[in-house]
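# Descriptive analysis of the structure
Each chain, written out:
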Amino acid sequence: MQVKILDTTLRDGEQTPGVSLTPEEKLRIALRLDDLGVDIIEAGSAITSEGEREALKKIVKEGLNAEICSFARALQVDIDEALKCDVDSIHLVVPTSELHIKDKLQKPPGEVKEKAIDSIEYAKDHGLIVEFSAEDATRSNMQFLKEILEESISAGADRICACDTVGILTPERAYEFYGELSKLKAPLSVHCHNDFGLAVANSLMGLRAGASEVHATINGIGERAGNAALEEIVVALYSLYDVKTNINTKMLYETSKMVARLTGVYIQPNKAIVGENAFAHESGIHVDGILKKAETYEPITPELVGRKRRFVMGKHIGSSALKEKLEEFDFKVDEKQFKQIFERVKNLGDMGKCVTDVDLQAIAEDVLGIVEDKMVNLEEVTVVSGNKLTPTASVKLRINEKEILEAGVGVGPVDAAIVAIKKSLEDFADIKLEEYHVDAITGGTDALIDVIIKLRYKDKIISARSTQPDIIMASVEAFISGVNRLLANEKKKKT
Ligand SMILES: CC(=O)SCCNC(=O)CCNC(=O)[C@H](O)C(C)(C)COP(=O)(O)OP(=O)(O)OC[C@H]1O[C@@H](n2cnc3c(N)ncnc32)[C@H](O)[C@@H]1OP(=O)(O)O
Ligand SMILES: CC(=O)C(=O)O
């Protein structure tokens, strides 16, 4: 069995309150979704705006493998706008519950059905593939729902879909509901919302009951609590149900990060598959198990979804994990030194701190009595910012005893300072900032700011932190300490 994926990140996903993508951003995401292997991209709703039509046209022009689809109401104007964008298909949505028909459309049910059928015929006459969706299907009268779906098939709908618009299905009801509709004579799609956190479970049950297509969004973004998460459905189908899709699972993580970046909807750390902690381990017992056999605490390999395993240090660390980390950084320690390092990491954990790679290396060097010369030293940093200024920074660094003066501009003062530092380093090392997290530890505007970053140099990633009352200084210090550590590690590797 193979399940078709309709990705609606660019339509239902973009309906996430506060999210709005430019045509260029939509195009970038569509290209990535096509590479990922989704079968259908619901790329927007042509009636919505000029920008939306521009995005649809740009995406269509690419001639992607995926079918490009526009949302449309049962209105000729919506279909005409979709036709002007030259899409392959429309997702024609018509409410079927009494609540939506009576209170929202305020039309008699017969008229709604008639309009739906006219719209399908019109779209088919104009060469479009039609996926006909019953909106609020799960709160609809089953007899009316089946009638309208059957008539839609007779009118030429290529696929039918029943939407759990406000996410009220349970897995048991989903199985029963989609099982009943799968007896109709057209391919059936499942479209579930996540109001009770059940969208993925309900989608899987719908597919199990006979549906052959599922609607989903990257990271589960969408209206209110969102839609079913594509990455979770695909990996569950593959790993737990032995069901194939066309998705290249190795691209799931990078796609998730791209969508998070462009939409500004960040992912909770404990989110399945793509959350930062999904393949991170801190507890000593877990790390020990994983080092012996990864399956002990990992149901799938991180590589399956384009990720790497990560061991995090903190209060729950065990000796196996610490040994692994010290080996990774090439520290040779005896039993007594190991014990001292272990205790200091535990103490930091007890103080409520997570222990970054730079922290661990500083502790280890201190215990081993290693005095590492810092290659990069900050002499001066000046930042100007304001409502009528482009944020600009100048830095003076001493790198290998050479004085370097550079300036940079950015979207804000922190960005400007980091741009200036990166420019100063250009001739020495190509350092990339992979992640940047900032937290205010205490209450007011005079709060202590905790900056934790991840930097990459070649294939090595390192975490570093700085805690200061000034966000610019905390960011600059975290960056420079990470750079020094990466360069020291590189030097150690060469000698
Ligand atoms: C469950 C879902 O996700 S549905 C998809 C939701 N997506 C969107 O809403 C896309 C973004 N929306 C928009 O840009 C705008 O709402 C537009 C362009 C679609 C319509 O804008 P407006 O014409 O100003 O109407 P408005 O948004 O105020 O109201 C929606 C209208 O569509 C009607 N309507 C809603 N669904 C349907 C449907 N499936 N078929 C026909 N008409 C519908 C409503 O009854 C209402 O019409 P009325 O004002 O005559 O009562
Ligand atoms: C069509 C749609 O997005 C819904 O009913 O949820």
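As the structure is a computational prediction, the values presented were derived from the model and not from experiment.

## Focus on the overall build of the protein chain
- Scanning the protein chain from terminus to terminus reveals 16 helices and 16 strands.
- Seen along its three principal axes, the alpha-carbon backbone of the protein chain occupies a region of about 85 × 55 × 45 Å.
- Within the protein chain, the proportion of its 495 residues that are buried is 42%.
- Contacts in the protein chain between residues at least 24 apart in sequence constitute 64% of all its contacts with a sequence separation of at least 6.

## Description of the nonpolar core
- Membership of the largest hydrophobic core comes to 89 residues, with the highest contact counts inside it found for Ile41, Ala43, Ile90, Leu92, Val214 and Ile233.
- Ignoring any residue separated from it by four or fewer positions in sequence, one finds Ala43 in contact with Leu10, Arg11, Lys26, Ala30, Ala55, Leu56, Ile59, Ile68, Cys69 and Ser70.
- The next biggest cluster of nonpolar side chains, apart from the first, holds 30 residues, and it includes Val376, Val383, Val419 and Ala420.

## Some words on the UniProt feature "domain: Pyruvate carboxyltransferase" (unreviewed entry) in the protein chain
- UniProt marks residues 3–253 with the feature "domain: Pyruvate carboxyltransferase" (unreviewed entry), using the numbering shown here.
- In residues 3–253, helix accounts for 43% and strand for 18%; the two terminal C-alpha atoms are 20 Å from one another.

## Things to note about the environment of Leu27
- Relative to the elements of secondary structure, Leu27 occurs in helix α1 (residues 23–36).
- Along the primary structure Leu27 and Val60 are separated by 33 residues, whereas in three dimensions their C-alpha atoms are 9.4 Å apart.
- Leaving out residues up to four positions away in the same chain, Leu27 has contacts with Ala55, Lys58 and Ile59.

## Digging into the pairing of strand β16 (residues 460–468)
- Where strand β15 (residues 449–457) meets β16, 9 bridges bridge the pair, whose relative direction is antiparallel. Bridging across to β16, Asp450 finds its partner in Thr467.
- Counting the residues between successive antiparallel strands, the hairpin from β15 to β16 contains 2 residues, one of them, Lys458, with a positive phi of roughly 55°.

## Examining the sheet that holds strand β11 (residues 376–386)
- Strand order in the open sheet made by the 3 strands is β11-β12-β13, with antiparallel pairing throughout. Each edge of the open sheet is held by one strand with a lone partner, namely β11 and β13 (402–409). For this sheet, the mean inter-axis angle between neighbouring strands, taken without regard to orientation, is 10°.
- Summarising the sheet, β11 and strand β12 (residues 389–399) pair through 9 bridges and their orientation is antiparallel. Within β12, the position partnered with Leu378 by the bridge is Leu397.
- Taken strand by strand, helix α15 (residues 413–425) contacts β11, β12 and β13, and its axis lies near 35° from that of β12.

## Focus on helix α5 (residues 109–125)
- Compared with an ideal rise of 1.5 Å per residue, which puts 17 residues at 24 Å, α5 spans 24 Å between its outermost C-alpha atoms and is within 8% of the ideal.
- Listed in full, the buried residues belonging to α5 are Val112, Lys113, Ala116, Ile117, Ser119, Ile120 and Ala123. Looking straight down α5, one finds that the buried residues subtend no more than 160° of arc, so they occupy a single side. Exposed residues pointing more than 90 degrees away from the buried face of α5 are listed as Gly110, Glu111 and Asp125.
- Trailing α5 by a residue or two, Gly127 shows a phi angle of about 80°, which is positive.

## Re the packing of α5 against helix α6 (residues 142–154)
- In contact at an axis separation of 10 Å, α5 and α6 are set at 25° when each is read in the N-to-C sense. As far as their axial angle goes, α6 and α5 are roughly parallel. Of the two possible hands of crossing, α5 and α6 adopt the one that is right-handed. Facing Pro109, Lys113, Ala116, Ile117 and Ile120 of α5, the residues of α6 in contact are Phe144, Ile148, Glu151 and Ser152.
- The class makeup of the residues in the contact of α5 with α6 is 6 nonpolar, 1 polar and 2 charged.

## Side note on the site of ligand 1
- Near ligand 1 there are 16 residues, and of these Ser45, Thr48, Arg73, Ala74 and Leu105 occur at the shortest range.
- Broken down by secondary-structure element, the contributors of at least two residues to the shell around ligand 1 are β4 (89–95) and α4 (98–105).
- The element contributing the most residues to the shell around ligand 1 is β4, with 3 residues.
- Residues belonging to the shell around ligand 1 are distributed by class as follows: 7 nonpolar, 4 polar and 5 charged.

## Details of unusual backbone geometry
- One non-glycine residue, Gln106, adopts positive backbone phi at about 55°.
- Looking at where Gln106 falls in the secondary structure, it is placed in the loop between α4 and α5.
- The phi dihedral of Asn219 is positive, around 65°, even though this residue is not glycine.
- Position of Asn219 relative to the elements: it lies in the loop between β8 (213–216) and α9 (230–240).

## Some words on the domain arrangement of the protein chain
- Assigned domains within the protein chain: domain 1 (4–263), domain 2 (280–368) and domain 3 (376–494).
- Facing the 9 residues of domain 1 at the interface are 5 residues of domain 2.
- Breaking the side of domain 1 that touches domain 2 down by element, the ones donating at least two residues are α9 and α10 (252–263).
- Across the side of domain 1 that touches domain 2, the residue classes tally to 4 nonpolar, 2 polar and 3 charged.

## Observations regarding the sheet that holds β16
- Ordered by their spatial adjacency, 3 strands build an open sheet running β14-β15-β16, and the pairing between neighbours is antiparallel. For this open sheet the edge positions go to β14 (431–440) and β16, each flanked by a neighbour on one side alone. Looking at each pair of strands side by side, their axes are set apart by 15° on average, direction ignored.
- Sheet analysis places β14 next to β15, joined by 9 bridges and oriented antiparallel. Its bridge partner being in β15, Ala440 is matched across the sheet by Ile449.
- Packed on one face of the sheet, helix α16 (residues 471–494) meets β14, β15 and β16 and runs near 145° to β16.

## Focus on the pairing of strand β7 (residues 188–192)
- Burial analysis of β7 places 5 of its 5 residues in the buried class, which makes it a mostly covered element.
- Running through helix α7 (residues 171–181), the crossover from strand β6 (residues 159–164) to the neighbouring parallel element β7 is right-handed.
- Bridge count between β7 and β8: 3 bridges; the pairing is parallel. In the strand pairing of β8, His191 is matched with His215.
- In the classification by handedness, the crossover that spans β7, the intervening helix α8 (residues 199–208) and the parallel β8 is right-handed.

Analysis parameters
Residues numbered from 1 in each chain as written. Chains lettered and ligands numbered in written order. Predicted model: local features only at pLDDT ≥ 70, side-chain atom pairs only at ≥ 80, totals over all residues. Helix = DSSP H or I, 4+ residues; strand = E, 2+ residues; numbered from the N terminus. Buried ≥ 20, exposed ≤ 12 C-beta atoms within 10 Å, placed from the backbone. Contact = placed C-beta atoms within 7 Å. Core = buried A, V, L, I, M, F, W, Y, C linked by C-beta atoms within 7 Å. UniProt positions renumbered as here; feature names shortened; annotations may be inferred. Pairing = 2+ DSSP bridges. Axes fitted to C-alpha atoms, helices over the stretch in contact; angles between N-to-C directions. Expected span 1.5 Å × (residues − 1). Arc of directions from axis to C-beta. Parallel < 35°, antiparallel > 145°, perpendicular 65-115°, else oblique. Left-handed = near helix turned anticlockwise from the far one by under 90°. Nonpolar A, V, L, I, M, F, W, Y, C, P; charged D, E, K, R; others polar. Near = placed C-beta within 6 Å. Domains from an automatic or database assignment. Right-handed = clockwise from strand over helix to strand, strands pointing away.

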